[in-house]
Amino acid sequence: MARRAALRVLYLALLPVLVLLALVITPALVVSSVASQGRVWRPETWKKISYGSRYFRSSFRGRLGEVVDVIDVVRDRLILLLVLLAAACGAGGLAVHALEIGVPAWLSAWLDGSFLSFLASWFPAGGRLSFGGGAALVLAVCTALAALALGLSLYAWLASALGEATRVILRYGGAATLFPDPGDAIPGGRLVLCQISDLHITAGGREPYEIEEGSAAWPEGAPRPDTAELTGRLQRLVAEIAAMKPPLVALTGDMTDLGEEAQWDELEAALSGIPASSQVLMVPGNHDVAINLGTSPDPYLTKRAEREQRFIEVLTRVERGPFQPPLHVPARKRARRRLRAIAGLYPRRLDLGGGIRIFGLNSNRYRSRFVGSNAIGQIGGAQLRRLARALRRGSGPVVVLLHHHVARLAGPISLNDTFMIAMDGPRLLEMLAAYQQKNPKKNSALVLHGHKHLAFFGHYRSKSGGRVSVYAHPSSTLGHETDGYLDGVARFAAIRLTDDGIWRVETHPLRPARSAAPAPPAATEAEPAATEAAVS
């Protein structure tokens, strides 16, 4: 009888399981086929699928961690729960006995003919339930409701995660495309700003999360990037930048590794070497405010609210310059006000000499509740509308800084890219292209960002002819990443503007890749230790 019941359960569960597997595997095969241009079995394709499955496993571990947290809470309140359950069962037993509730014959027969036959003696057919039978009935209902609630919550979580992934992939299909633009080495040009990005400063001697988790490999022979090494590299970068005395130092996100207070303290100490004559602009990265760890998930965004509050407080101490809108620190105890506060701070606007306007954007408006989506970017319609109004009120060269990529690179589609791009990046590029097209000789537009630890310089051209230049800076402390391998080269970028309105981007490495040779001298205008690119 027990075997028959087990087979019945198997038959009932087999079809939903097969359907679920089909819903999960079929889109993965289709996307992998597109990514590999029809060669589904290409190793690189399955490497990307494995990368995605690692995200899923991490997220599932996080969900199990939540279950463990619930168990801990239940254990702490176990005596109270047992008392409440006993009271409910006792009240249920009295109520059933007083109301003379009986058991249908079919239910008793079904119980007697199944693996639940031991319950048949509790619920005799056609007879009134005893006090014990009524209490058992309440207990069985409570257990069934708890199991149903657990099953529904897990199903809702899985369906929501798959739905989110589907939406992101569909939006990625409409992403703008960047084309390489090496440009010319044009001498001269006014220094506008220096950019550092993706510092991933840690605390307590730890290595960055991505290296600890194994998603990025550190070069052999180079010092491991613990707190001392990362902070030391940043101090050297700051010293090199201070020697150039730029009007503005821009930090384009992921300044810290996990947005913890101790990490912000390390960062502030290292940034103290920036000269007082230089203004400082910070835009948040996903590791600063939106990181969602598999070992410590944040489905209700409470940890995100704490990180955003921490970021605003650091901003009030680090940011320098007459930025608009002015900073304000919201109340600590109100998460909603905190979330609204950081949303209202951007775009940050700064007017430099010569009619150059700098805009800093918060590209972390996407509210990630899952591990796999914590790197997705979103600027938000309200922020883009404020930027559009600001652009209409003036003219001249414009630099926009944010953390996430705004477009994908020309070439095969990458599943990794899918969850790394700001979903409304094309709107930003179209807006800047329209602005540039109004006065091509005067309204040059440049977008600077970080995020993927990838060095790339390219351009976007709209259908109407507008042109926007885009520079992706790698990690200033960890280096440029190719196929999961970091080169370990610390670097910063110097952004210049010629009299002809041409943007020039110089990358200044502090040491050669994978080599123990001494670091090159600081870059100068006459002899930059850099690779250069220029765009109009």
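Since the model is a prediction, treat every value here as computed from it, not as a measurement.

Definitions and cut-offs
Residues numbered from 1 in each chain as written. Predicted model: local features only at pLDDT ≥ 70, side-chain atom pairs only at ≥ 80, totals over all residues. Heavy atoms only, no water. Helix = DSSP H or I, 4+ residues; strand = E, 2+ residues; numbered from the N terminus. Buried < 20%, exposed > 50% of the residue type's maximum accessible area, 1.4 Å probe, protein only. Contact = heavy atoms within 4.5 Å. Areas by Shrake-Rupley, 256 points an atom, 1.4 Å probe, with all protein chains shown as cover. Pairing = 2+ DSSP bridges. Axes fitted to C-alpha atoms, helices over the stretch in contact; angles between N-to-C directions. Parallel < 35°, antiparallel > 145°, perpendicular 65-115°, else oblique. Left-handed = near helix turned anticlockwise from the far one by under 90°. Expected span 1.5 Å × (residues − 1). pLDDT = per-residue confidence, 0-100. Polar contact = N/O pair within 3.5 Å; in protein donor to acceptor, adjacent residues only side chain to side chain. Phe/Tyr/Trp six-rings, centres within 6.5 Å; stacked < 30°, edge-to-face > 60°. Core = buried A, V, L, I, M, F, W, Y, C linked by side-chain atoms within 4.5 Å.

Considering the overall build of the protein chain
For the protein chain, the count of helices and strands is 14 helices and 16 strands. For the protein chain, with 536 residues in total, the buried portion stands at 48%. Taking the contacts inside the protein chain whose residues are at least 6 apart along the sequence as the reference set, 72% of them involve residues at least 24 apart. Element-wise, carbon and sulfur atoms account for 62% of the exposed surface of the protein chain, whose accessible area totals about 25700 Å².

A short note on the sheet that holds strand S10 (residues 456-461)
Whenever strands of a sheet pair, they do so through backbone hydrogen bonds, lying parallel or antiparallel. Read across the sheet, 8 strands follow the order S5-S6-S7-S9-S11-S10-S1-S8 without closing on themselves; strand pairing throughout is mixed. Only two strands of the sheet have a single neighbouring strand rather than two, namely strand S5 (348-351) and strand S8 (408-409). As paired strands, strand S6 (residues 357-360) and strand S7 (residues 398-401) are joined by 4 bridges and run parallel to one another. When the sheet's bridge partners are listed, Phe-359 is paired in S7 with Val-400. Across the sheet, helix H14 (residues 425-438) touches S6, S7, strand S9 (445-449), S10 and strand S11 (467-472), and the angle it forms with S11 is around 130°.

Some thoughts on the packing of helix H8 (residues 261-271) against helix H10 (residues 302-318)
Where H8 contacts H10, the two axes come as close as 11 Å, and the packing angle between them is 15°. Classified by the angle between their axes, H8 and H10 sit roughly parallel to one another. When you trace H8 past H10, the crossing you get is right-handed. Contact residues: H8 offers Glu-261, Trp-264, Glu-268 and Leu-271, while H10 offers Arg-310, Phe-311, Val-314, Arg-317 and Val-318.

So, helix H7 (residues 227-244)
The first and last C-alpha atoms of H7 sit 26 Å apart over 18 residues, in line with the 26 Å expected at 1.5 Å per residue. Within H7, the full set of buried residues consists of Thr-227, Glu-229, Leu-230, Thr-231, Arg-233, Leu-234, Leu-237, Val-238, Glu-240, Ile-241, Ala-242 and Met-244. On its buried side, H7 packs onto strand S2 (190-196), strand S3 (248-252), H8, strand S14 (491-497) and strand S15 (503-509). Lys-245 occupies a position one or two residues after H7 and carries a positive phi of about 50°.

A look at the environment of Leu-448
In this fold, Leu-448 is placed in strand S9. Sequence-wise, Leu-448 and His-404 are 44 residues apart; in three dimensions their C-alpha atoms are separated by 9.4 Å. Contacts of Leu-448, omitting those with residues within four sequence positions, involve Leu-193, Gln-195, Thr-252, Val-399, Val-400, Leu-401, Leu-402, Tyr-471 and Ile-495.

Observations regarding the confidence of the model for the protein chain
For the protein chain, per-residue confidence averages 76 on the pLDDT scale, and residues scoring 70 or more make up 63% of the total. Confidence drops under a pLDDT of 50 for residues 35-55, and excluding neighbours within four residues, the segment shows 29 contacts in the predicted structure.

Here's the deal with the pairing of S2
Within S2, 6 of the 7 residues are buried, which leaves it mostly tucked inside the rest of the structure. The pairing of S2 with S14 spans 5 bridges and is antiparallel. Considered in S14, the bridge of Leu-193 is made with Ile-495. Bridge count for S2 against S3 is 3 bridges, and the pairing is parallel. Note that in S3 the partner of Gln-195 across the bridge is Ala-250.

Description of the side chain of Asn-374
Along the chain, the position of Asn-374 falls in the loop between S6 and helix H12 (381-392). A relative accessible area of 7% means that Asn-374 is categorised as buried. There is a polar contact of 3.4 Å between the side chain of Asn-374 and the side chain of Asn-286. Ignoring anything within four residues of it in the chain, the contact list for Asn-374 reads Asn-286, Ala-290, Ile-291, Asn-292 and Ser-368.

Focus on the packing of aromatic side chains
Any aromatic ring pair is given by two values, namely how distant the centres are and how the planes are angled relative to each other. Inspection of the entire model under this criterion finds 2 aromatic pairs. Ring centres of Trp-264 and Phe-311 lie 5.9 Å apart, and the angle between their planes is 55°; this geometry places the pair in the tilted category. One end of the pair, Trp-264, is in helix H8; the other, Phe-311, is in helix H10, and 47 residues separate them in sequence. Phe-311 matches Trp-264 in its accessibility class, with the two residues each being buried. A centroid spacing of 6.1 Å and a plane angle of 40° characterise the contact between Phe-457 and Tyr-471, whose relative ring orientation is tilted.

Quick notes on the nonpolar core
Membership of the largest hydrophobic core comes to 41 residues, with the highest contact counts inside it found for Leu-234, Leu-251, Leu-271, Met-282 and Phe-311. Where this core is concerned, the elements lending two or more residues are S2, H7, S3, H8, strand S4 (279-283), helix H9 (286-290), H10 and S14. The dominant element in this core, judged by the number of residues it contributes, is H7, at 6 residues. Excluding residues that lie within four positions of it along the chain, Phe-311 makes contacts with Met-255, Trp-264, Met-282, Val-283, Pro-284, Val-289, Ile-342 and Tyr-346. Grouped together as the second largest cluster of nonpolar side chains are 29 residues, Leu-361, Leu-428, Leu-454 and Val-470 included.

Observations regarding unusual backbone geometry
Negative phi characterises most residues that are not glycine, and trans characterises most peptide bonds. The peptide bond linking Gln-324 to Pro-325 adopts the cis configuration, its omega dihedral lying at 0°. Position of Pro-325 among the secondary structure elements: in the loop between H10 and helix H11 (335-344). Omega for the bond connecting Tyr-346 with Pro-347 falls within 30 degrees of zero, at 10°, which places this linkage in the cis form. With a phi close to 50°, Asp-198 is a non-glycine residue in the positive phi region.

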